[in-house]
Amino acid sequence: MPPLVRPVRPTDTLTRDALAVLQPGFTGTTAPDWLLRRLGEGLTTVGLFGRNVANPRQLAALTGRLRREREDVLVAVDEEGGDVTRLEVRGGSSFPGNHALGAVDDPALTRAVARELGRRLAECGITLNWAPSADVNSNPDNPVIGVRSFGADPHLVARHTAAYVEGLQSAGVAACTKHFPGHGDTAVDSHLDLPRITADLATLQERELVPFRAAVAAGTRAVMSAHILLPALDGDRPATLSPAALHGLLRAPATEGGLGFDGLIVTDGMEMQAISATYGIERGSVLALAAGADAICVGGGLADEDIVLRLRDALVAAVHDGELPEERLADAAARVRALARWTRAAGQGAAGEGAAPAPGIGLTAARRALRRTAGGPPYAPLTGAAYVAAFTPLANIAVGDETPWGVAAELARLLPGTDTGTYSADAAATAGIPALVEGLLTAAAGRRIVAVVRDVHRHPWMADALAALLAARPGTAVVEMGVPQAPPRGALHLATHGAARVCGQAAAEALTGRL
């Protein structure tokens, strides 16, 4: 006789707790009926992505509708600024990212940028930001962190992580510091596979964990786990699913070598291949809760009612089967609700402070982050229409390919008639470097050339194409909008430390002598 299966009832405390720990997304720019209904049944968090955002007025109306259904709803978004933006996904961010702020190394500036970013989020009704990235960029070949990191020095990253947390939370928006215990020393993107970090525990304590300790000391309300395998902590399970990483390291008191964090632990996106391809989303979510996570982030790819019901039912079944202690699920749900109460109170307090908006702070920071190196023939500022050659790598999944980047739009605004051409690895492989550069020179038609690259040190085809172009046109200016790891080249070399819209604007000003 088959075992009796207890039906899932929306009014059950257990079911409400299972819904409370989920952080799902949805499609469209208005809240679907199923989402509103689940908010009434216990769902406490809604995650927003670029697909949900048209403009600030629409976003405020959307979050207002969610709040009418549940007054203390947590509305979360992945808004790092810089390359990773959801609020300005189609135009590029008004704020430089972490790498630019780290290059300036002025914690007061970082705090001010984060506060203004938080103020704009709060204005739109967002209360939880899955940021900042506290990863130490210790591996220059990292395909997914790069300019999302403040830098390669753990102590620099620590002071800016703390400043970012303080600035963001002073605007009433909870920070979610990521990707614990540190995604900087990987050569694999966890969206695609399971990265493995072989550093020993002493190295982790002296490098990866330094910024997370600073974030905890600064009062970060949440920490996001990473889907990375660290044999020094757990040889079998990635950090998101590891009791040793979450309970034994992140929660453990400092006297026991832990970080003593008592806030909300959020998983990275569970549909990422590092988890879903090995464990499956349902099984992975059960293991994450059992390991000490409090909230399951899902919805970047799977964004419908079905995934919410599948995860809800999987958690309820795991409790019934004895795989997930009911007390652990209840504790996780209580932590989610506690953060919801905090954001409501903090938002009211921040609104009462009446902090003055600082609309130009992002451009100010981008200008300060710009680094110029002169080399080769003398460089005179551009005064007429130019040709921008954008050497474009495959889009980072965290960034996406919808957000524009580069200097062409800003340069064309300053110098009408400026054109741009895009050159990729596929084009280089198909045509060959000599033919690609010959076509580029033909398209430039005698105009001065600006070559735009992104992480040229990670892309041999890009380095070869740039070398061939500079051999043919030594007066070319080069703008590096990724991590400036390769030696500067060109008559003028500009390192923007990120590809946000304001970074492109600062570079265009420098190219034309306005900065």
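What you are looking at is a predicted structure, and each value in this text was computed from that prediction instead of being measured. (Residues numbered from 1 in each chain as written. Predicted model: local features only at pLDDT ≥ 70, side-chain atom pairs only at ≥ 80, totals over all residues. Heavy atoms only, no water.)

**Some points on the overall build of the protein chain**
Our working rule: By definition, any uninterrupted DSSP run of H or I lasting at least four residues is a helix, any uninterrupted run of E lasting at least two residues is a strand, and each is numbered from the N terminus. The quantity called the radius of gyration is restricted to C-alpha atoms. Its globule counterpart is 2.2 Å times the number of residues to the power 0.38. When accessible area is computed with a 1.4 Å probe and restricted to protein chains, residues below 20% of their type maximum are described as buried, those above 50% as exposed, and intermediate ones as partly exposed.
Counting secondary structure elements, the protein chain contains 19 helices and 14 strands. Computed over its C-alpha atoms, the radius of gyration of the protein chain comes to 24 Å, within 12% of the 24 Å expected for a compact globule of 515 residues. Viewed in the frame of its principal axes, the protein chain has a C-alpha envelope of about 80 × 50 × 45 Å. By the burial criterion, 59% of the 515 residues in the protein chain qualify as buried.

**Describing the pattern of salt bridges**
Operational definition: Throughout this description, the term salt bridge denotes a Lys or Arg side-chain nitrogen within 4 Å of a carboxyl oxygen of Asp or Glu.
Tallying each qualifying case throughout the model produces 35 salt bridges. Here Arg-37 and Glu-305 are joined by a salt bridge, their closest N and O atoms 3.0 Å apart. Here the residue Arg-37 occupies a position in helix H2 (residues 33-41), and Glu-305 occupies one in helix H12 (residues 305-320), the gap between them amounting to 268 residues. For Glu-509, the salt bridge identified is with Arg-367, shortest N-O distance 2.7 Å. Of the two residues, Glu-509 is situated in helix H19 (residues 501-511) and Arg-367 in helix H14 (residues 361-369); the sequence distance between them amounts to 142 residues. Under the relative-accessibility criterion, Glu-509 is labelled buried at 9%.

**Here we look at the sheet that holds strand E3 (residues 74-77)**
What counts, and what does not: Each pair of strands is called paired provided DSSP finds at least two bridges between the two strands. Contacts are assigned to residue pairs that have any heavy atoms within 4.5 Å of one another. Here an angle of 0 to 180 degrees is reported between the N-to-C directions of two axes, which are lines fitted to C-alpha atoms, with helices fitted over the stretch in contact.
Strand order in the open sheet made by the 6 strands is E2-E3-E4-E5-E6-E7, with parallel pairing throughout. In this open sheet, the two strands that pair with only one neighbour each are strand E2 (45-48) and strand E7 (264-266). Judged from the 3 bridges that link them, strand E5 (residues 174-180) and strand E6 (residues 222-225) form a sheet pairing that is parallel. When the bridges of E6 are listed, Phe-180 appears paired with Ser-225. Lying over the sheet, helix H6 (residues 154-170) contacts strand E4 (128-129) and E5, oriented at roughly 150 degrees with respect to E5.

**Structural notes on the packing of aromatic side chains**
Applied cut-off: Pairing of aromatic rings covers Phe, Tyr and the six-membered ring of Trp, with a centre-to-centre limit of 6.5 Å; geometry is then stacked below 30 degrees between planes, edge-to-face above 60, and tilted otherwise.
If you walk through the whole model with that rule in mind, you get 5 aromatic pairs. Taken together, a centroid distance of 6.0 Å and an interplanar angle of 45 degrees make the contact between Phe-49 and Trp-130 tilted. Of the two residues, Phe-49 is situated in the loop between E2 and helix H3 (56-69) and Trp-130 in the loop between E4 and H6; the sequence distance between them amounts to 81 residues. Neither Phe-49 nor Trp-130 differs from the other in exposure class; each is buried. Summarising the aromatic geometry, the rings of Phe-150 and Tyr-164 are spaced 6.5 Å apart at their centres and angled 65 degrees between planes, so their arrangement reads as edge-to-face. Linking Phe-150 in the loop between E4 and H6 with Tyr-164 in helix H6, this pair joins segments that are 14 residues apart in sequence. Across this residue pair, the class does not change: Phe-150 and Tyr-164 are buried.

**Quick word on the sheet that holds strand E11 (residues 419-424)**
Spatially, E9-E14-E13-E12-E10-E11 is the arrangement adopted by the 6 strands of the open sheet, whose pairing is mixed. Strand pairing shows two members of the sheet lacking a second neighbour, strand E9 (371-374) and E11, which therefore form its edges. Neighbour-to-neighbour, the strand axes of the sheet open up by a mean angle of 20 degrees, direction not taken into account. Against the sheet, H19 touches E9, strand E12 (449-453), strand E13 (477-480) and strand E14 (492-495), its axis set at about 160 degrees to E14.

**Focus: unusual backbone geometry**
Pro-132 follows Ala-131 through a cis peptide bond whose omega is 10 degrees. Of note, Pro-132 is situated in the loop between E4 and H6. Here the amide bond leading from Phe-180 into Pro-181 is cis, since omega sits at 5 degrees, within 30 degrees of zero. Phi at Asp-105 is positive, roughly 55 degrees, even though this residue is not glycine. Within the secondary structure layout, Asp-105 lies in the loop between helix H4 (98-104) and helix H5 (107-123). Judged by relative accessible area, Asp-105 falls into the partly exposed class, the value being 31%. Phi is positive for Ala-445, which is not a glycine, with a value near 50 degrees.

**A short note on H6**
Test applied: By definition here, a helix of n residues has an expected span of 1.5 Å times n minus one. The definition of a polar contact used here is a pair of N or O atoms within 3.5 Å, where within protein one atom must be able to donate a hydrogen and the other to accept one, and adjacent residues in sequence count solely through side-chain atom pairs.
Between the first and last C-alpha of H6 there are 24 Å, a value that for 17 residues agrees with the 24 Å anticipated at 1.5 Å per step. Burial analysis of H6 places 13 of its 17 residues in the buried class, the great majority of the element. The opening residue of H6 is Asp-153, an N-cap whose side-chain oxygen sits 2.9 Å from the backbone nitrogen of His-155. Directly after H6, the chain includes Gly-172, whose backbone phi takes a positive value near 85 degrees.

**Digging into H14**
Within H14, burial applies to Ile-361, Gly-362, Leu-363, Ala-365, Ala-366 and Ala-369. Taken together, the buried residues of H14 touch H4, H5, E9, E14 and H19.

**Observations regarding the state of the cysteines**
Just so we agree on the cut-off: Here, two cysteine sulfur atoms that lie within 2.5 Å of each other are counted as a disulfide.
For the structure on display, the rule yields 0 disulfides. Looking at Cys-297, it has no disulfide partner, and the nearest cysteine sulfur is the one in Cys-176, 8.3 Å off. Accessibility expressed as a relative area gives 6% for Cys-297, which makes it buried.

**Here's the deal with the pairing of E14**
In E14, alternate side chains face the same way, and those of Leu-492 and Leu-494 on one face and His-493 and Ala-495 on the other are all buried. Relative to E14, E9 runs antiparallel, the two sharing 4 bridges. Across the sheet, residue Ala-374 finds its bridge partner in E14, namely Leu-492. In the sheet, E13 pairs with E14 via 4 bridges, with the strands oriented parallel.

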